[in-house]
Number of protein chains: 4
Amino acid sequence: MAMVSLDDLNRMDREAFATALGDVFEHSPWVAETAFAARPFSTLNALHEAMTGAVQTAAADRQMALIALHPDLAGKAAREGAITPNSRHEQSSAGLDRLSDDEFAAFHRLNAAYHAKFGMPFIVCVRRHGKDSILRQFEQRLHNDEPTERRAALTEICRIAALRLDARVAAPDRLNVCGRLSTHVLDTQRGAPAAGVAIALFEVASSGTSRLILQATTNADGRTERPLIAEQPIPIAQYELRFAVGAYFARQKTPVAEPPFLDVVPIRFAVAEPESHYHVPLLVTPWSYSTYRGS
Amino acid sequence: MAMVSLDDLNRMDREAFATALGDVFEHSPWVAETAFAARPFSTLNALHEAMTGAVQTAAADRQMALIALHPDLAGKAAREGAITPNSRHEQSSAGLDRLSDDEFAAFHRLNAAYHAKFGMPFIVCVRRHGKDSILRQFEQRLHNDEPTERRAALTEICRIAALRLDARVAAPDRLNVCGRLSTHVLDTQRGAPAAGVAIALFEVASSGTSRLILQATTNADGRTERPLIAEQPIPIAQYELRFAVGAYFARQKTPVAEPPFLDVVPIRFAVAEPESHYHVPLLVTPWSYSTYRGS
Amino acid sequence: MAMVSLDDLNRMDREAFATALGDVFEHSPWVAETAFAARPFSTLNALHEAMTGAVQTAAADRQMALIALHPDLAGKAAREGAITPNSRHEQSSAGLDRLSDDEFAAFHRLNAAYHAKFGMPFIVCVRRHGKDSILRQFEQRLHNDEPTERRAALTEICRIAALRLDARVAAPDRLNVCGRLSTHVLDTQRGAPAAGVAIALFEVASSGTSRLILQATTNADGRTERPLIAEQPIPIAQYELRFAVGAYFARQKTPVAEPPFLDVVPIRFAVAEPESHYHVPLLVTPWSYSTYRGS
Amino acid sequence: MAMVSLDDLNRMDREAFATALGDVFEHSPWVAETAFAARPFSTLNALHEAMTGAVQTAAADRQMALIALHPDLAGKAAREGAITPNSRHEQSSAGLDRLSDDEFAAFHRLNAAYHAKFGMPFIVCVRRHGKDSILRQFEQRLHNDEPTERRAALTEICRIAALRLDARVAAPDRLNVCGRLSTHVLDTQRGAPAAGVAIALFEVASSGTSRLILQATTNADGRTERPLIAEQPIPIAQYELRFAVGAYFARQKTPVAEPPFLDVVPIRFAVAEPESHYHVPLLVTPWSYSTYRGS
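Residues numbered from 1 in each chain as written. Chains lettered and ligands numbered in written order. Predicted model: local features only at pLDDT ≥ 70, side-chain atom pairs only at ≥ 80, totals over all residues. Heavy atoms only, no water.

1. With respect to the interface of chain A and chain B
Interface size is often expressed as the accessible area that is lost when the parts come together.
Then comes step 1: Taken together, the 28 residues of chain A in the interface contact 28 residues of chain B.
Then comes step 2: Between chain A and chain B lies a buried interface of about 2200 Å² when both sides are counted; carbon and sulfur atoms form 60% of it.
Then comes step 3: Three residues, A:Phe261, A:Arg268 and A:Tyr289, lead the burial of chain A against chain B; their summed loss comes to 28% of the area buried on that side.
Then comes step 4: Linking chain A with chain B are zero salt bridges, by the criterion used here.
Then comes step 5: The interface formed by chain A and chain B includes seven residue pairs in polar contact (both at pLDDT 80 or more).
Then comes step 6: Split into classes, the residues belonging to the side of chain A that touches chain B amount to 18 nonpolar, four polar and six charged.
Then comes step 7: With five bridges joining them, strand β13 (residues 288-292) of chain A and strand β13 (residues 288-292) of chain B adopt antiparallel strand pairing. Bridge pairing links A:Thr291 to B:Tyr289 in β13(B). (Contact = heavy atoms within 4.5 Å. Buried area = accessible area lost by both parts, 1.4 Å probe. Salt bridge = Lys/Arg side-chain N within 4 Å of Asp/Glu carboxyl O. Polar contact = N/O pair within 3.5 Å; in protein donor to acceptor, adjacent residues only side chain to side chain. Nonpolar A, V, L, I, M, F, W, Y, C, P; charged D, E, K, R; others polar. Pairing = 2+ DSSP bridges. Helix = DSSP H or I, 4+ residues; strand = E, 2+ residues; numbered from the N terminus.)

Right under this line is the structure:
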């Protein structure tokens, strides 16, 4: 869907406004219609607050209706393609469209239990989570009481809306919905950036399986041209960076053992705050290395 | 087989001596018989030198006969149990008795190529190598010329004999056939050893599969009660140590993220010198770690 | 004074026993006489407990008399040599016999204030402290009330006695009165101990002046032949280790900048627990280093 | 002196041009006059090359005259104020206007020896050096032969001119005459930048004395608002950064020892390339730290 500018939105009449932003909240153009009264919006954050305010101050039955309009995660509707394009894209980003049979069964069981206990679908902003984290959330939230879960559902709905809004509206400001994952490699033997180091980033599931997210190579500054992850939340998950330092030192003609003490260095870490900056560098010699969460 | 003391060996007649040490060199008691002349031996090293001297100064056809008496690695005889207990134990230590079909085929092909080129079995002291390293040696040595390979075979035979001798004879000294792999974990957030950290040591094959070698837990000094590997050569191979630091910091009531930035820290390294000491420690906080080859 | 064995002490009569241990508590042989009743002592710790028990259970006036028999720190008696050899040796170990005029004036002022407030001399086990730390203790303890200070004085007297006893009596066990300061240097560029690195240890006063304690050179293991400090408490103080790594890397023919990025690496740290082990290593390349309190 | 733009220079006649740039080369407006022929200059680098080209291709006697017009370092003329403002400013930047008697005597001796051997003044671009480095250069270059020293003098004169030119002329480009020294402090116990850490930068002379260059405090990113040194060459010298981490951790309410193991952390390093970027960070917990030359 094409982007719309904040200025254009401010100039629209109510109907056009509701059309432009009607799907920011799933099947619920009334949210945009309510927010319309607060025009003009000088910032995207102001628009987002107006919309989430409309949701938070709505009557309880309207809130419940909003919640009920969301599809199950990895549910029957999702499988059959009977969900909105937004939802399909979001569920796919977390890998919910490529579940193993066991995982599908787990979601099925959890959806049923959640519906039975709370009479509503389980809602989470899936773009902020890896598959393991969604399942962990699901298990934990099943233990909550009903008011807590209703609040949690609305919070997650507003997060989903923020991501949709940030992607949809061109404005002078941005919503705080993006994180950044970056790295750099420093050759502490030469006191200089390590250029040409091949890097691979994997998501590591609790089952032990790894999914390649991307590959990159360090430039003359020992950094990758682009951040490893940017312009999106970093899904809450466990990751592994693998640095091919053996090949790097071989190219440097550095005398090393055969086979070299260090070849591919794995660094395994988890992201807990999807909107934060995680800088995970490698300081390395052929015989030692350090890493840390930097900034 | 029971150990024999150097003193007892020094008091034996030639026949008893050859019986006691006849299998140190595969099917070749003549080596012990020749070394017998150099009695008495004040050290195990002196005995080893006398035996390897007998091999190195033997006539070429005798050397070739000695070489020819060795079984193929992962060969037909090994499969059928038709090799000496020493050889069986040694081949098993390197995992040659549990090869995949592909690996078995690779050994078969290499054995055939080696026999065709050199007219003798390929000999390597398998206890000094992991499976990958044996295959790499095999591939590399196929490119050598015949005199180089004959020398290589005798060198490896003497290494095999050293390991057998060191295990067999009680003496005031030891042969230099053992390495040592150790670790310790330091909690640099508290400036103290990290106690109770679960550690697992894996051998990592080039195919990516990992084989668990052992599990241990750090004691109050942040060390394992016993070295991870000792009293044997450390096979030339790639290893991975995995440290369960997430569980450790959780027990310390250290405030960490959820999920914690570091949970299981993998350190992957290779051993190139089987008779050396590799100390691979972990210095760790919930947000950073370092490792190095220490001593 | 010659050492005496625990066995010999156990065989002595009361008079000989009191003579042998009469000066363990300053001018107060009655402590040894009281402890005599608890013979025989199977360990040095048992003897120490018997003597400190005699002090702790003595009548208040006897305790006050014991306290009063101690000389002032850096006081008139100490200056004129009118104190016991034990006290002289102890005060000298902390540098109280080589004070600047300002420091002497500070001690004079504090002694006067302490006498005026508490009617007794200020007592501290000086061998556990550097000069700065003694002055800090002095300032802090002036703020206490009288019962607290009386307890503190007895505690310090028992620490002084423990050090005297441990040095005097040969026994199967030792009292826990000694700490240890050690270091090692690892060249993480070569993955090996750094041999031949010149090391100097200084005590750094809060005034900024440094006093050289000792110099040493690392051996083939990257360690010093003896611990930097051992067989005594490590005085509570700030220290600086200086490692001549520039000269080391120059000898290694390691290519470095001119002048080298790292030449003499200073590591400044404080000791707070005199009876503990402080291991303060240096992991170093020509362009980076790490240190930590190890064990 | 006010800056002049490259455009303005390109529009000037020869006389105005020579007036504007006449003192870029000491007392030698002929260099600017010669370069005038190469107008217009699209970049400052082109102008610099034209001027240095004029010097390098001048006749030998003209080059010697240019060299001879430079004042002695810390010489009689400098002391009496009888040198150009440029030279005075430059000599002062290296501290040559505040020499001890011993240092003054050393310069006097070296100036005399250099004049005696080469018949010209010793020239070095002092803004690229600390005092120790100038003296070291002086001693070393006295061993050269005459052609080498003549080339060295011209090279240094062109470096002096580059610095003057870069400060004088506003242009789309800059000459490569500036370095940068920066730091940051990372609290690896919390995995976050350390804010509010007081930092002091000293130049450390070989005599052991330290001269405070600046003080700064880390901001929320753990960095200083401005680089420690920028917009100038970093003088070749030894430096010490001191980080007040003890006070920082005390503010964090981090439990530490008393006195804390780490209080003020000194990092001593040398700069060898004045036009490079030196990033010297500190990764620190209360019990450990690392530093390295980063980028």
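Read on, since the account is not over.
2. Considerations on the relation of the copies chain A and chain B
Then comes step 1: Expressed as a screw operation, the relation of chain A to chain B combines 0.0 Å of axial shift with a rotation of 180°, fitting to an RMSD of 0.1 Å. This pairing of chains is accounted for by a two-fold axis. Scanning chain A for the C-alpha nearest the rotation axis identifies A:Ser290, at a separation of 2.1 Å.
Then comes step 2: When the interface residues of chain A are mapped onto chain B, 100% of them again fall at the interface, so both copies present the same face. (Least-squares fit on C-alpha atoms with pLDDT ≥ 70 in both.)

3. Considering the sheet that holds strand β12 (residues 282-285) of chain A
Pairing between sheet strands relies on hydrogen bonds along the backbone, with the strands arranged either parallel or antiparallel.
Then comes step 1: Spatially, eight strands are ordered β5(A)-β4(A)-β12(A)-β13(A)-β13(B)-β12(B)-β4(B)-β5(B) in an open sheet, and the strand pairing comes out mixed. Two strands lie at the open edges of the sheet, namely β5 (192-193) of chain A together with β5 (192-193) of chain B, each paired on one side alone.
Then comes step 2: Relative to strand β12 (residues 282-285) of chain B, strand β4 (residues 185-187) of chain B runs parallel, the two being bridged by three bridges. Considered in β12(B), the bridge of B:Val185 is made with B:Leu282.

4. Re the layout of surface pockets
Residue and element names in this part refer to chain A.
Then comes step 1: Taken as a whole, the largest pocket spans an internal volume of roughly 880 Å³.
Then comes step 2: Contributing to the lining of the largest pocket are 40 residues, with Gly 130, Glu 203, Val 204, Ala 237 and Gln 238 lying nearest its centre.
Then comes step 3: Breaking the lining of the largest pocket down by element, the ones donating at least two residues are α7 (85-93), α9 (131-141), β6 (198-204), β7 (210-217), β8 (229-232), β9 (237-244) and β10 (264-271).
Then comes step 4: Per-element accounting of the lining of the largest pocket gives the leading share, four residues, to α9.
Then comes step 5: Taken together, the residues that form the lining of the largest pocket break down as 15 nonpolar, 13 polar and 12 charged. (1 Å grid on protein atoms, 1.4 Å probe; cavity = no way out; pocket = protein on both sides within 12 Å on 5 of 7 lines; lining within 4 Å. Points joined across faces, edges and corners; volume = space filled by probe spheres on them.)

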